[in-house]
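Tertiary structure, described
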Amino acid sequence: MLTRVIQQRSAVALAAAAIVGASALALLPHEPAQAQPAAVARGLPDFTDLVEQVGPAVVNIRTLERVSSGGRRSRTLPQIDEETEDMLRRFGIPLPNMPRGQGRGQGFEREVPRGMGSGFILTPDGYVMTNHHVVDEADEIIVTLSDKREFKAKLIGADERTDVAVLKIDASGLPAVKIGDASRVRVGEWVMAIGSPFGLESTVTAGIVSAKQRDTGSYLPFIQTDVAVNPGNSGGPLINLRGEVVGINSQIYSRSGGFMGISFAIPIDEAMKVSEQLRATGHVTRGRIGVQIGEVSREVAESIGLGKAQGALVSHVQSGSPAEKAGVRAGDIITRFDGQPIEKVSDLPRMVGNAKPGTRGTVTVFRQGKSLDLNLTVAAMEPEKGGSRAASAAGEPKTAASQSLGLAVADLSAEQKAKLKTQRGVRITDVDGPAASVGLRPGDLILAVANTDVSSAAEFEAAASKAMKGEKAGKPVNLLVQRGDMVQYVLLHPAAQ
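Below: a short report on this structure. (Residues numbered from 1 in each chain as written. Predicted model: local features only at pLDDT ≥ 70, side-chain atom pairs only at ≥ 80, totals over all residues. Heavy atoms only, no water.)

A few points about the overall build of the chain
Across its full length, the chain holds 12 helices and 28 strands. For the chain, buried positions account for 46% of its 497 residues. Within the chain, residue pairs in contact and separated by at least 24 positions form 62% of the contacts whose partners lie at least 6 positions apart. (Helix = DSSP H or I, 4+ residues; strand = E, 2+ residues; numbered from the N terminus. Buried < 20%, exposed > 50% of the residue type's maximum accessible area, 1.4 Å probe, protein only. Contact = heavy atoms within 4.5 Å.)

Printed below as a string of C-alpha cells:
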C-alpha cells in the first residue's frame, strides 16, 4: 500500500539555520591565554543499537485481493474447501457461480498483489499495529517478520478517521516494541523510522522532529519530521533515541509521489487509545454533538468583538442533534468544550470525539458579543462507511470534466439522503490523479462545486465544466467536501486533457 500523500492548502515556507556560539572566557591578568575550542563539539547520534533493539519488532505487510478471470474483484463467491469441490466435480455438479469445466486453479478466481506497507508488533502474542489505508479492503493480509517467517493475519479492527488498524497473527514469544510518550517529543530531537519503502524490507532512515501538532485536514494532529518516508513506509514506527515508538508513519507531503523533505506520523498515544477499542470491540466509539463547523478568520473575529481568531464557527446544526437540543445555533462560535479552550477549528471534533457517548458536557458559545454556557449530552457518532472499490467499479463513468479532476461520482439514493439528513450532494465512487493527490476518497460527499450546490451527477458535471471554461481554464476548482461529520473546502488543479 502506498504511503498516503497529502497536499497542503497553502505554500509552506521552510527555513533552517545553524547557530554555533563561542563561549567567552575571562582571562586573569598576566596569565597566558589558553587556546579554547570555538564551540562544544557534538557528534551525530549512532542508531546501530536502536536498530538491533527495535528492528526485530518491525514487520512487512503485503495485501492480496481476489479477482475473477475477467479481472473484476470477486467478493460474492462462496468459499469451498477442496474436498467439497472434488466431490462436486466427481458427480458432474457445477460449482456455485462457476461455469462448467472451470474450477480451482483454472483461473476463475485468483489472488493478486494489492499493496505493501509496514507495521510493528505490539505484544509478544502477535498483535500488530499498522495504518488503516495499508489494509483497507484487502482480501488477505500477509505479515512477514524480520526473520523471514510469514503469517496470514486477521484484521481485528481498523479506524479510517485516525488511519489506525490492528492485526493478529498466530504466534507467541515475539519481540514487541516499547511504547513511548508522544507528549514528550520535542521539536529538533532525533528520530528514526524503520519500514519497507518500495518493498525494501527493514530499511532504516533518520532525521529530526520538525514540528508538532501539525494539522493536515485529518482527524488527529501529526508529528512532522524530515525523516525520509516513502511508499511502503506507511504503518511503520517512528522511534526516539530511547528506543520508544512515538508515532506511526502515515503521510508525506509530495508533488511527485515520493519523499520531498516532510513526513507526518500519528502520535502513538492517540493510536494506542484507538487500538485499545479495536482490540476490545473491533471498532471505535466516538462522541458527537451534531454540528458542522468552519474556521474563524481574524477579520470575522475582530468584526464581531471576539478579539482574536479562535474557536469553531457553527455553519450548520443537525436536526434533533445534542447541539440543537442544547440551543446551539448556526453562526455561534464554540470557544470551549467542557472548559477546554478551542484554539483552532480542528480542536473541537477531537475533543468531542474523545468524549464518551452518554456523558453530559458543556459548550461555551460566543453569540452577539456574549459568551453562553450550554449543557448537552454527547451522542454516539455513527461509524464512517467509505465506498468500496467494488462499488467504484459499478459507479458512474468519468465524463470529460470529472476526468480532468480525477473523480467519478454517483447520485445519492433516497435512503442515503435520509441517513445523511441532506438533500444535496453526490457521492465519490472513484478517485485518481488530482483528486487522489489531495486525499479525496470513495465515499466522500461533494456538496458544491465552485460555490454552486450540486444534487446529482449531472449537476456536478455541469458545474465542474463551467468552472473550467473560459477565463477559469487551468485554474483550481474549489469543492465543498463532506467526510463523516466534517465539511471543508478542497482545491483541485484540473489535469491537462
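Picking up where we left off.
Some thoughts on helix α4 (residues 268-281)
The terminal C-alpha atoms of α4, which comprises 14 residues, lie 20 Å apart, in line with the 20 Å expected from a rise of 1.5 Å per residue. Taken together, the buried positions of α4 are Ile268, Glu270, Ala271, Met272, Val274, Ser275 and Leu278. Positive backbone phi, approximately 85 degrees, marks Gly282, located one or two places after α4. (Expected span 1.5 Å × (residues − 1).)

Notes on the pairing of strand β7 (residues 164-168)
On any regular strand, side chains alternate: one points to one face of the sheet, the next to the other face. Burial of β7 is extensive: four of the five residues sit out of reach of the surface. Of the pairings in the sheet, the one linking strand β4 (residues 127-130) to β7 comprises four bridges and is antiparallel in character. Counted as the bridge partner of Tyr127 is Lys168 from β7. Relative to β7, strand β6 (residues 150-159) runs antiparallel, the two being bridged by five bridges. (Pairing = 2+ DSSP bridges.)

Let's talk about the side chain of Asp163
Positionally, Asp163 belongs in the loop between β6 and β7. In terms of polar contacts, Asp163 uses its side chain to reach the backbone amide nitrogen of His132, at 3.1 Å. (Polar contact = N/O pair within 3.5 Å; in protein donor to acceptor, adjacent residues only side chain to side chain.)

Things to note about the pattern of salt bridges
Summed over all chains, the structure comprises 16 salt bridges. Where salt bridges share partners, they join Lys178, Arg242 and Glu244 into one cluster. (Salt bridge = Lys/Arg side-chain N within 4 Å of Asp/Glu carboxyl O.)

A closer look at unusual backbone geometry
With a phi angle near 80 degrees, Lys148 is a residue other than glycine that sits in the positive phi range. Note on placement: Lys148 falls in the loop between β5 (140-144) and β6. The phi dihedral of Gln213 is positive, around 55 degrees, even though this residue is not glycine. Mapped onto the elements, Gln213 comes out in strand β10 (residues 203-214). The exposure class of Gln213 is exposed, given its relative accessible area of 52%.

Examining the packing of aromatic side chains
Scanning the model with the defined rule gives two aromatic pairs in all. With 6.1 Å between their ring centres and 65 degrees between their planes, Phe47 and Trp190 make a pair best called edge-to-face. One end of the pair, Phe47, is in the loop between β1 (4-6) and α1 (48-54); the other, Trp190, is in strand β9 (residues 190-195), and 143 residues separate them in sequence. On the accessibility criterion, Phe47 (14% relative accessible area) is buried. What makes Trp190 partly exposed here is its relative accessible area of 31%. On the numbers, 6.2 Å between centres and 80 degrees between planes, the contact of Phe222 with Phe264 is edge-to-face. (Phe/Tyr/Trp six-rings, centres within 6.5 Å; stacked < 30°, edge-to-face > 60°.)

Quick word on the nonpolar core
If you look at the biggest cluster of nonpolar residues, it comprises 31 residues, and the most contacted ones within it are Phe120, Met129, Val164, Ile248, Ile266, Ile268 and Ala271. Breaking this core down by element, the ones donating at least two residues are α1, β4, β7, β9, β13 (244-253), β14 (263-267) and α4. Sort the elements by how many residues they give to this core and α4 lands first, with five residues. Beyond its immediate chain neighbours, meaning those up to four positions away, Ile268 contacts Phe120, Met129, Ile179, Gly180, Ala182, Val245, Val246, Gly247 and Ile248. If you look at the next biggest cluster of nonpolar residues, it comprises 22 residues, including Leu407, Val431, Ala464 and Met468. (Core = buried A, V, L, I, M, F, W, Y, C linked by side-chain atoms within 4.5 Å.)

Some words on the environment of Ile289
Mapped onto the secondary structure, Ile289 falls in the loop between β15 (287-288) and β16 (291-294). Residue Ile289 is classed as buried on the basis of its relative accessible area of 4%. Along the backbone, Ile289 and Ala326 are 37 residues apart, and their C-alpha atoms lie at a distance of 9.5 Å. Beyond its immediate stretch of four places on either side in the chain, Ile289 contacts Ser321, Pro322, Ala323, Ile334, Phe337, Val352, Val363 and Leu376.

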